[in-house]
Amino acid sequence: DAGITQSPRHKVTETGTPVTLRCHQTENHRYMYWYRQDPGHGLRLIHYSYGVKDTDKGEVSDGYSVSRSKTEDFLLTLESATSSQTSVYFCAISSTPPPNEKLFFGSGTQLSVL
Amino acid sequence: DQQVKQNSPSLSVQEGRISILNCDYTNSMFDYFLWYKKYPAEGPTFLISISSIKDKNEDGRFTVFLNKSAKHLSLHIVPSQPGDSAVYFCAAMGRNGGSQGNLIFGKGTKLSVKP
């Protein structure tokens, strides 16, 4: 398995609170991604990063921000969590730029916003 | 509007038989297609891919067929095994980069292979 660690694995929070999810990789891959998976929607891209301090929005970026201050860490922040952000969040990495053929995914973070 | 569609949420197959998972796409700029497999509580893992210059790609028990004129692809698993029980995601991208260079996923099909 690619060295990708997502933390926390599970989190329950209340509406309106800030939440930060962390993705840590030991592969030294340049490209990192945050996806969310919801029933009936499959995987949708939230934000991605092409390198340190180089990030961009994906398909469903509203309500989310990201930061990449080090190659190995990609943080996803929900500034004020809402119930619609209850989801499973996956981090993915790649050594090649888009169009990239293969992403390596972490095991996911289950987030529940009550 | 969904650009990658997997219209069957679930599929049940007997062990040893063929599993056929289908995927349709609407964006004519897509020219590379992938299948990912996902077990519960794990992240998706890459399974097989196909470029638009081909109509078939095979890897062991897994074969992907592409029909560009119909904007349709299918994943065949022969013979199916209980360990193949998982959710299968179809994904597509365009090789000319930009936002099309990022993978667009379908909703997934849950395959159950019965012993």
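On a predicted model such as this, the values are computed, not experimentally measured, just so you know.

Chemist: An account of the state of the cysteines is needed here, citing residue identities and associated values.
Modeler: Under the counting rule described, the total for this entry stands at two disulfides over all chains. A:C23 shares a disulfide with A:C91; S-S distance 1.9 Å. For the disulfide bridge between A:C23 and A:C91, the dihedral angle about the S-S bond is near -70°, and by the sign convention the bridge is left-handed. Note that A:C23 is positioned in strand 3 (residues 19-25) and A:C91 in strand 9 (residues 87-94), a separation of 68 residues in sequence. Just as A:C23 is buried, A:C91 falls in that class too. Here B:C23 connects covalently by a disulfide to B:C90, the sulfurs 2.0 Å from one another. Torsion about the S-S bond of the B:C23 and B:C90 cystine: about -75°, corresponding to left-handed handedness. One end of the pair, B:C23, is in strand 3 (residues 19-25); the other, B:C90, is in strand 9 (residues 86-93), with 67 residues separating them in the sequence. Neither residue differs from the other here; B:C23 and B:C90 are each classed as buried.

Here is what the cut-offs are and how they apply
- Residues numbered from 1 in each chain as written.
- Chains lettered and ligands numbered in written order.
- Predicted model: local features only at pLDDT ≥ 70, side-chain atom pairs only at ≥ 80, totals over all residues.
- Heavy atoms only, no water.
- Disulfide = S-S within 2.5 Å.
- Helix = DSSP H or I, 4+ residues; strand = E, 2+ residues; numbered from the N terminus.
- Buried < 20%, exposed > 50% of the residue type's maximum accessible area, 1.4 Å probe, protein only.

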